[in-house]
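What follows is the residue order along each chain.
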Amino acid sequence: MSVSETKIEWSEKYRPAALSEIVGNSKPVSELRAWALHWQHGVPDQRAVILHGKPGIGKTTAAHALAHDFDWDVIELNASDQRTASAIKQVAGLASETASLSGGIRLIILDEADNIHGNADRGGAQALARIIKETSQPILLTANDLYGVSQSIKNLCMAIAFRSLQSRSIAQMLKKICHNEGIVCDPEALLKIAENAHGDVRSAINDLQAVAQGKDELYLEGVVVSPRDSRDTIFDVLKKIFRGNDIKEAINATYGIDETPDDLIQWIDENLPAQYRGEDVTSAMRALSRADVFLGRVHLRQNYRMWRYAGAMMTSGVTVSKSREYPGARFMPPSKWRMLRSTRTSRQVRDGISEKIGVQCQTSQRYARLNLLPFVKMLSADRDYAVRLTAWMNLDTTEIAYIIGSKKDTKKVKTIHQEAKDMVEDVAPEKVEIFGGSESRAKVEKVEPEKKGEQEKQVKKGKPAKKSEKIPEKKSQTSLFDF
Ligand SMILES: Nc1ncnc2c1ncn2[C@@H]1O[C@H](COP(=O)(O)OP(=O)(O)OP(=O)(O)O)[C@@H](O)[C@H]1O
Ligand SMILES: [Mg+2]
């Protein structure tokens, strides 16, 4: 089989090329089209749009499909770590210059706009605001959460909300993919995958590929998917705590987010005074201070079971302290110094592992987080793979705990760590075999630069041809997933 047949990701292969192929979200898609039409007749008042919504629901796809439909060129800046003020200026500047030569319109796409201010170069957000004010070319930003986008940028953009997809619509898409891949599938199996993805199409397609690729038939019994988070954002959780009346819902919402109870309490504490009034604040404060006592015990005794009590106090305790409805002020993130006080958050752990996967697979941290980390987690359910992956990426105990879904101080985590260390002592980490056995495919090796270029060319063949000039987000494929 050729590289493109074995390694191309289905989520890329089946990425809609035109706006009409995008599933769901018809209203935001027509708003986007209307905005683009204005650009066809000169520079409109609204020079930039921001597409926002949860991951994997078609924002970036819509951006490219728009350019495709209007026959615009694309300039893309999508690796968040490269978006310094100077890079933004350079790319957007280039867009204006070359456009004036060719006469065509160029769509400038900036993915993950909610991450811009987090860069080392803090001038990124200001530079972007200035460029939006002055641009002669359409600018399209995407973000998972509008709350993360700086106010100065939001003021300059038309916000278009994308919604998560219904499981039924996702299952329909999966059915088409199976049909195209020549796989006979049980509708129940597809529905199970779709439901597990909680509206995230990319995750659903990735999960389908993991269980169905190379098969002729897919039955319900054959579907083993690692449970995905419902992907509530921290703001959804705060809404449920401060504005909801259901204590169970308030606790349950916390399970899907990345924040540990140590982080969450900072968020709740920061926002409480603006959300409630009078006695209700006092009562909620009391709940928070009890939660804090439990958190102290967690650290003192390294007993993570107490997290449960802390979690209940800081969520339900605050919800029941409310004696009446409040208008609801905007939620603010906790001040920086407070966040620094807390221990390494699970988001930092997740990003650290993604970085390590990215280094080994020669891809970006973001790409590794979205596409490869779920596979690593899935593989790590097998203890033997967990050891090999630990050795390969030099994971520490916190990181092992994260990928196997366990607590850091468990015997399991410690023994995996020890065995991986022993393995590395025998052989260099890059020589560790993930899939022991078959010599030809088993070794996880760094891809030679020439080979990598070749592979990328192959992978790109599946995509619609586009004259896009990218600041490259490296997406190479390695033999880790060649199974
Ligand atoms: N509405 C949709 N219709 C059809 N396919 C979709 C849709 N949304 C997502 N997909 C599929 O999922 C993949 C990822 O989608 P996309 O990159 O547009 O997500 P996104 O919303 O930009 O996510 P993120 O916030 O993580 O950047 C696409 O390549 C496509 O295969
Ligand atoms: Mg995107």
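Residues numbered from 1 in each chain as written. Chains lettered and ligands numbered in written order. Predicted model: local features only at pLDDT ≥ 70, side-chain atom pairs only at ≥ 80, totals over all residues. Heavy atoms only, no water.

For this particular structure, what's the right way to read the packing of helix α17 (residues 346–361) against helix α18 (residues 365–379)?
Packed helix pairs are characterised by how far apart their axes lie and by the angle those axes make with each other. Running from amino to carboxyl end, α17 crosses α18 at an angle of 95°, the nearest separation of the two axes being 8 Å. Classified by the interaxial angle, the pair formed by α17 and α18 is roughly perpendicular. Each of Arg350, Asp351, Ile353, Ser354, Glu355, Ile357, Gly358 and Cys361 in α17 lies in contact with α18, whose residues at this interface are Gln365, Ala368, Arg369, Leu372, Leu373 and Val376. Its residues assigned to classes, the contact of α17 with α18 comprises 7 nonpolar, 3 polar and 4 charged. (Axes fitted to C-alpha atoms, helices over the stretch in contact; angles between N-to-C directions. Helix = DSSP H or I, 4+ residues; strand = E, 2+ residues; numbered from the N terminus. Parallel < 35°, antiparallel > 145°, perpendicular 65-115°, else oblique. Contact = heavy atoms within 4.5 Å. Nonpolar A, V, L, I, M, F, W, Y, C, P; charged D, E, K, R; others polar.)

When you look at the packing of aromatic side chains in this model, what are you seeing that I'm missing?
To describe a pair of aromatic rings, you give the distance between the ring centres and the angle between the ring planes. All chains considered together, the criterion is met by 7 aromatic pairs. Relative to Trp267, the ring of Phe235 lies with its centre 5.5 Å away and its plane at 90°, an arrangement referred to as edge-to-face. Within this pair, whereas Phe235 is found in helix α11 (residues 234–242), its partner Trp267 is found in helix α13 (residues 261–275), the two being separated by 32 residues in sequence. With relative accessibility at 9%, the residue Phe235 sits in the buried group. (Phe/Tyr/Trp six-rings, centres within 6.5 Å; stacked < 30°, edge-to-face > 60°. Buried < 20%, exposed > 50% of the residue type's maximum accessible area, 1.4 Å probe, protein only.)

What exactly am I supposed to notice about the pattern of salt bridges here?
Side chains that carry opposite charge are capable of pairing whenever their charged atoms lie near each other. Scanning the model with the defined rule gives 11 salt bridges in all. Arg350 serves as the salt-bridge partner of Asp351, at 3.2 Å between the closest nitrogen and oxygen. Assessed through its relative accessible area of 13%, Arg350 is described here as buried. The closest approach of N and O atoms between Arg369 and Asp351, which form a salt bridge, is 3.8 Å. With Arg369 in helix α18 and Asp351 in helix α17, this residue pair connects regions lying 18 residues apart in the sequence. Ionic contacts of the salt-bridge type, sharing partners, join the residues Lys54, Asp236 and Lys239 into one network. (Salt bridge = Lys/Arg side-chain N within 4 Å of Asp/Glu carboxyl O.)

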